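Okay, here's what each chain looks like letter by letter:
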Amino acid sequence: MTPDRNDLAFLDAAKLAVLVRERQVSPVELVQLYLERIERFDARLRAYITVLPEAALEAAREAEAAVMRGEALGPLHGVPYAVKDQFATAGVRTTVGSRILETHVPTETATLISRLDEAGGILLGKLNLTEFALGGTQRFPFGQPRNPWNPDHDPGGSSSGSGIAVAAALCAASLGEDTGGSVRTPASWCGVVGLRPTWGRVSRHGSFPLSWSMDTAGPLTRTVEDSARLLQIIAGYDPKDPLTSRRPVPDYSVTLKDGVRGLRVGIISELTFGAETDAEVRAAVVDAARRLEGLGAVMEEISLPFLSLAGAIFMALADSDGAGLHQHWLRTRPMDYDQGTRRRLLAASLIPAATYHQAARARALLRARLRDALGRYDLLLCPTAHQAAPPIATGRAAITTREEAAGRFFTRRSYVTPAALAGTPAIALSCGFTRSGLPISLQLLGRLFGEATLLRAAHAYEQETDWSTRRPPL
């Protein structure tokens, strides 16, 4: 084994797979290493809801035996991963972060988990999340998730544990689910890579829903290459989800290192230079744009003023979808919800039909304008969030004015929900740190099924910087 176990734990999944294949590291040693780190750090960070030590070690022994027999190995063979507890696992409880499903044990496994297992991955456990992946949870029933860079700060939601576990090296890679930013926000605030694929690129079979027209799973990883590798494994048509695309999945590794020379990139003015964007965030994102320009990209500012309404449009639609889904439990078990979840779902239950349809028309307009911009540019660029991770306490503060409500619920979401509303892919990756040591994140948005271009641009920037090599002060 590599002498420094911390170095081994923080290696990206692609390198770990090579070490396993070359018999330099045993899958059993890797699982033991991550289980030790979970035991050491997770009592404070609360990334996991359920850990599977016996099953993971058994799978690791089988993976090790396959290596020693010289069998053909999958691209993730022997590499430990974890998933948001929104994805069903046969025989293992799937809580979706709620006491309502605290003892729920599915009989079928989500398609994406099956694909990762078939690729040789080893499931370590199920990761914490905001209740029912909605966001705004006040009291987490399975422990307050904490940011590994500063435990008093928010790790982001709803895929909180997925961001924490990768950033703190409690697994090699993870899966989250992104309805309106739930992969990219924890990636941003925890300092890792988060990819939202094109809507329909990956199966949602076995994923507990929130909004059928926006839900999509995506990887959270330490490097862009790992995101490309995981997307390669999970993407593609699934007959169990008829809304998945039948479009062939390209080999993302072929173009990963092609660089950005000649790519036209539009810097979204309202999200990058607007008054809501923190000065440190703006400076880091502008510097990232300059670095991309130095690598050969053609950078231009672009104005998309309609995007400032994205957060409000999203909540009118997604929250209403969620309220319809939860109607039975809201009537029969209202007090089993966290108060933040209950308040949000009940409020959404009162949204008039006229308002919902107005939001749907606004979404169509936003989608048309965003896709039109992507017809003129290969990529769009902006911050992933308007600020670095805020203190956990700020999310529990009382809201006393209309302006405070709009700021808390709409402002942050207007940075990540445009891609969700338009169905386009987007990637979040680190581009700096605040003076207080919290990660700052760059977001790139791409054309429909344009993940290959997103990944190559993100990879080019990542290789030009050292942000992805930094570790939280655990």
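Residues numbered from 1 in each chain as written. Predicted model: local features only at pLDDT ≥ 70, side-chain atom pairs only at ≥ 80, totals over all residues. Heavy atoms only, no water.

A.B. asks: With reference to specific residues and values, describe helix α12 (residues 310-325).
C.D. replies: Between the first and last C-alpha of α12 there are 22 Å, a value that for 16 residues agrees with the 22 Å anticipated at 1.5 Å per step. When you tally the buried positions in α12, you get 13 out of 16 residues, the bulk of the element. (Helix = DSSP H or I, 4+ residues; strand = E, 2+ residues; numbered from the N terminus. Expected span 1.5 Å × (residues − 1). Buried < 20%, exposed > 50% of the residue type's maximum accessible area, 1.4 Å probe, protein only.)

A.B. asks: If you had to explain the packing of α12 against helix α14 (residues 339-349) to someone new, which residues and values would you point to?
C.D. replies: Viewed as axis vectors pointing N to C, α12 and α14 meet at an angle of 100 degrees, and their least axial separation amounts to 8 Å. As summarised for this structure, α12 and α14 are arranged roughly perpendicular, according to the angle between their axes. Seen from α12, the contacting residues are Met 315, Asp 319, Ser 320, Gly 322 and Ala 323; seen from α14, they are Arg 344, Leu 345, Ala 348 and Ser 349. The residue makeup of the contact of α12 with α14, split by class, is 4 nonpolar, 3 polar and 2 charged. (Axes fitted to C-alpha atoms, helices over the stretch in contact; angles between N-to-C directions. Parallel < 35°, antiparallel > 145°, perpendicular 65-115°, else oblique. Contact = heavy atoms within 4.5 Å. Nonpolar A, V, L, I, M, F, W, Y, C, P; charged D, E, K, R; others polar.)

A.B. asks: Could you give an account of the packing of α12 against helix α17 (residues 413-422), with specific residues and numbers?
C.D. replies: A pair of packed helices is captured by two measures, namely the crossing angle of their axes and the spacing between those axes. Interaxial distance between α12 and α17 falls to 7 Å at its minimum, and their mutual angle equals 60 degrees. Comparing their axes, α17 and α12 come out oblique. In the crossing of α12 with α17, the sense of the turn from one axis to the other is left-handed. Contact with α12, carried on its side by Ala 310, Gly 311, Ile 313, Phe 314, Met 315 and Leu 317, involves Arg 413, Ser 414, Thr 417, Pro 418 and Leu 421 of α17 and no other residues of that element. (Left-handed = near helix turned anticlockwise from the far one by under 90°.)

A.B. asks: Kindly report on the sheet that holds strand β2 (residues 80-84), identifying the contributing residues and their values.
C.D. replies: Strand order in this open sheet of 11 strands is β1-β3-β2-β4-β6-β5-β10-β11-β9-β7-β8, and the pairing throughout is mixed. Every interior strand has two partners, whereas the edge strands, β1 (48-51) and β8 (298-302), have only one. Sheet twist, expressed as the average angle between the axes of neighbouring strands with direction ignored, equals 25 degrees. (Pairing = 2+ DSSP bridges.)

A.B. asks: Could you give an account of unusual backbone geometry, naming the residues involved and the relevant values?
C.D. replies: In this model, Gly 157 is joined to Ser 158 through a cis peptide bond whose omega is 5 degrees. For Ser 158, the position within the fold is in the loop between β3 (122-127) and α6 (160-167). Although it is not a glycine, Val 96 sits at a positive phi angle of roughly 55 degrees. By relative accessible area, Val 96 is classed as buried at 2%. The phi dihedral of Phe 132 falls on the positive side, at around 55 degrees, and the residue is not glycine. Here Phe 132 is to be found in the loop between β3 and α6. On the accessibility criterion, Phe 132 (2% relative accessible area) is buried.

A.B. asks: For helix α11 (residues 279-294), give the residues involved together with the corresponding values.
C.D. replies: Across its 16 residues, α11 extends 22 Å between first and last C-alpha, which sits within 8% of the 22 Å expected from 1.5 Å per residue. The complete set of buried residues in α11 reads Val 281, Ala 284, Val 285, Val 286, Ala 288, Ala 289 and Leu 292. Sitting at the amino-terminal end of α11 is Asp 278, which places a side-chain oxygen 2.9 Å from the backbone nitrogen of Glu 280. Directly beyond the C-terminal end of α11, a positive phi value near 115 degrees is found at Gly 296. (Polar contact = N/O pair within 3.5 Å; in protein donor to acceptor, adjacent residues only side chain to side chain.)

A.B. asks: Lay out the pattern of salt bridges with the relevant residues and their values.
C.D. replies: Side chains carrying opposite charge are able to pair once their charged atoms draw close together. In this structure the tally under the stated criterion is 21 salt bridges. Here Arg 264 and Glu 300 are joined by a salt bridge, their closest N and O atoms 3.3 Å apart. In this pair, Arg 264 is assigned in strand β7 (residues 264-268) and Glu 300 in strand β8, connecting sequence segments 36 residues apart. On the basis of relative accessible area, Arg 264 is assigned to the partly exposed category, the value being 31%. Judged by relative accessible area, which is 30%, Glu 300 ranks as partly exposed. Close ionic contact of Asp 336 with Arg 333 constitutes a salt bridge, the shortest N to O distance being 2.8 Å. (Salt bridge = Lys/Arg side-chain N within 4 Å of Asp/Glu carboxyl O.)

A.B. asks: Go over the state of the cysteines with me, naming the residues and quoting the values.
C.D. replies: A complete count under the given rule lists 0 disulfides for this structure. The cysteine Cys 171 is free of any disulfide, with Cys 190 supplying the nearest cysteine sulfur at 11 Å. The class of Cys 171 is buried, set by a relative accessible area of 0%. There is no disulfide at Cys 431, and the cysteine sulfur nearest it, in Cys 382, is 11 Å away. (Disulfide = S-S within 2.5 Å.)

Function cannot be inferred from these measures alone, as they are strictly geometric.
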